[in-house]
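# Structural features, examined
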Amino acid sequence: MRRRIMAANWKMYKNAAQTTNYFEQFKPLLANSNSPARCDIVIFPTSLSVPAAVVAAAGSSISIGGQNIYWERKGAFTGEVSGEMLHAAGATWVIVGHSERRQYFGETDGAVLKKTQSALEAGLNPIICVGERLEEHKSGKTAEVLVRQFAGGIAGLTEEQFSKVAIAYEPVWAIGTGQSATPHIAADAHRLIRSEADKRFGQEAAQAVRILYGGSVKPDNIEGFMRQDEIDGSLVGGASLDPQSFAKIVGAA
Ligand code: 13P
């Protein structure tokens, strides 16, 4: 079985002091479980809270990541942060192509590919997000969207680059709505993504890549997802903001 990744995407929540406070509560909850031995635990605070998270996570098995980077290493790009900068701040992971970045900040599949390549060059582990919108889901276009996002954002990686990424299937209609996909729907989408990976990168690479589910994951529905062999962990938004709640989710890995 692939090693699971249990990840917390905090989005635009928690300043540095709140981040430190969270870790004070979260770390003891992990100390009493064997989850850190069984899965990768990654927390994605805002860029500004990354340094506080890195300090607070020191000595634990929790890794820290950023929620976004720009693909250039440096330059006149007001407001942006590079992969190198994130890495220098102690982050080891980064989320690329989250649907909120696609929706509100116009991120395209082409940008996703460039950001992923840049993240890898900077030594970060990318989690690339894909997923269909509500109207696409309703009109039966999920497969079409996933194939297109894979072709534009992932297929352009080299085999070596692909071996270092994880993918998150996050149907947009399930994000922050309380309306999660069923484990069955998620597993079907994961199989489709894995088959695209197989066509482009071969069977071994496709079997190795970790695909996470994200979208209204909560302590009371995580176990259903974890019963699916296809689902290699979760990218959790709202329910990761409370340490008790995220510890329960991690405990299901
Ligand atoms: P929610 O868990 O709040 O639905 O968010 C999911 C998400 O977008 C994680 O990246």
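Higher on the page you've got the structure.
Owing to the predicted nature of the structure, the values given are computational and were not obtained by experimental measurement.

### With respect to the environment of Tyr70
Along the chain, Tyr70 turns up in the loop between β3 (62–66) and α4 (83–88). Its relative accessible area of 17% is what places Tyr70 among the buried residues. Distance in space between the C-alpha atoms of Tyr70 and Glu80 is 6.0 Å, their sequence separation being 10 residues. In contact with Tyr70, not counting residues within four places along its chain, are Phe77, Glu80, Val81, Ser82, Gly83, Lys115 and Ser118.

### Topic: the packing of helix α8 (residues 142–153) against helix α10 (residues 183–201)
Viewed as axis vectors pointing N to C, α8 and α10 meet at an angle of 40°, and their least axial separation amounts to 10 Å. Handedness of the α8/α10 crossing: right-handed. On the side of α8, the interface is formed by Ala143, Leu146, Val147 and Phe150, while α10 contributes Ala189, Leu192, Ile193, Glu196, Ala197, Arg200 and Phe201. When the residues that make up the contact of α8 with α10 are grouped by side-chain class, the tally is nine nonpolar, no polar and two charged.

### Digging into the packing of helix α6 (residues 109–121) against α8
Close contact between α6 and α8 brings their axes to 7 Å; oriented N to C, the two are set at 45°. The angle between α6 and α8 places the two elements in the oblique class. The crossing of α6 and α8 is right-handed. Facing Asp109, Gly110, Val112 and Leu113 of α6, the residues of α8 in contact are Arg148, Gln149, Gly152 and Gly153. Grouping the amino acids of the contact of α6 with α8 by side-chain chemistry returns two nonpolar, four polar and two charged.

### Notes on the site of the ligand
Every one of the 13 residues lining the ligand counts as a neighbour, but Lys11, His98, Gly176, Ser216 and Gly238 are closest to it. Take Lys11: an N or O atom from its side chain is 2.8 Å from an oxygen atom of the ligand. The separation between an oxygen atom of the ligand and a polar main-chain atom of Gly238 is 2.8 Å. Summarising the interface, the protein chains cover 97% of the accessible area of the ligand, which totals 310 Å² for the free molecule. Classifying every residue of the shell around the ligand by side-chain character gives four nonpolar, seven polar and two charged.

### Regarding α8
Between the first and last C-alpha of α8 there are 16 Å, a value that for 12 residues agrees with the 16 Å anticipated at 1.5 Å per step. Along α8, the residues classified as buried are Thr142, Val145, Leu146, Gln149, Phe150 and Gly153. Take α8 and look down its axis: the buried residues cluster within an arc of 130°, on one side only.

### Some remarks on the pattern of salt bridges
Summed over the entire model, instances satisfying the criterion amount to 15 salt bridges. For Arg2, the salt bridge identified is with Asp232, shortest N-O distance 2.9 Å. Placement of Arg2 in the segment before β1 (4–9) and of Asp232 in the loop between α12 (222–226) and β8 (233–236) is noted, with a sequence separation of 230 residues between them. Taking relative accessible area as the criterion, Arg2 reaches 18% and is therefore assigned buried. The salt bridge partner of Glu230 is Arg194, with a shortest N-O separation of 3.0 Å. Placement of the pair is Glu230 in the loop between α12 and β8 and Arg194 in helix α10, with a sequence separation of 36 residues. When sorted by exposure, Glu230 lands in the same class as Arg194, which is buried. Each of Arg2, Arg194, Glu230 and Asp232 takes part in a single network of salt bridges with overlapping partners.

What counts, and where the lines are drawn
- Residues numbered from 1 in each chain as written.
- Predicted model: local features only at pLDDT ≥ 70, side-chain atom pairs only at ≥ 80, totals over all residues.
- Heavy atoms only, no water.
- Helix = DSSP H or I, 4+ residues; strand = E, 2+ residues; numbered from the N terminus.
- Buried < 20%, exposed > 50% of the residue type's maximum accessible area, 1.4 Å probe, protein only.
- Contact = heavy atoms within 4.5 Å.
- Axes fitted to C-alpha atoms, helices over the stretch in contact; angles between N-to-C directions.
- Left-handed = near helix turned anticlockwise from the far one by under 90°.
- Nonpolar A, V, L, I, M, F, W, Y, C, P; charged D, E, K, R; others polar.
- Parallel < 35°, antiparallel > 145°, perpendicular 65-115°, else oblique.
- Near = heavy atom within 4 Å.
- Polar contact = N/O pair within 3.5 Å; in protein donor to acceptor, adjacent residues only side chain to side chain.
- Areas by Shrake-Rupley, 256 points an atom, 1.4 Å probe, with all protein chains shown as cover.
- Expected span 1.5 Å × (residues − 1).
- Arc of directions from axis to C-beta.
- Salt bridge = Lys/Arg side-chain N within 4 Å of Asp/Glu carboxyl O.

As far as function goes, none of this settles anything; it's purely spatial.
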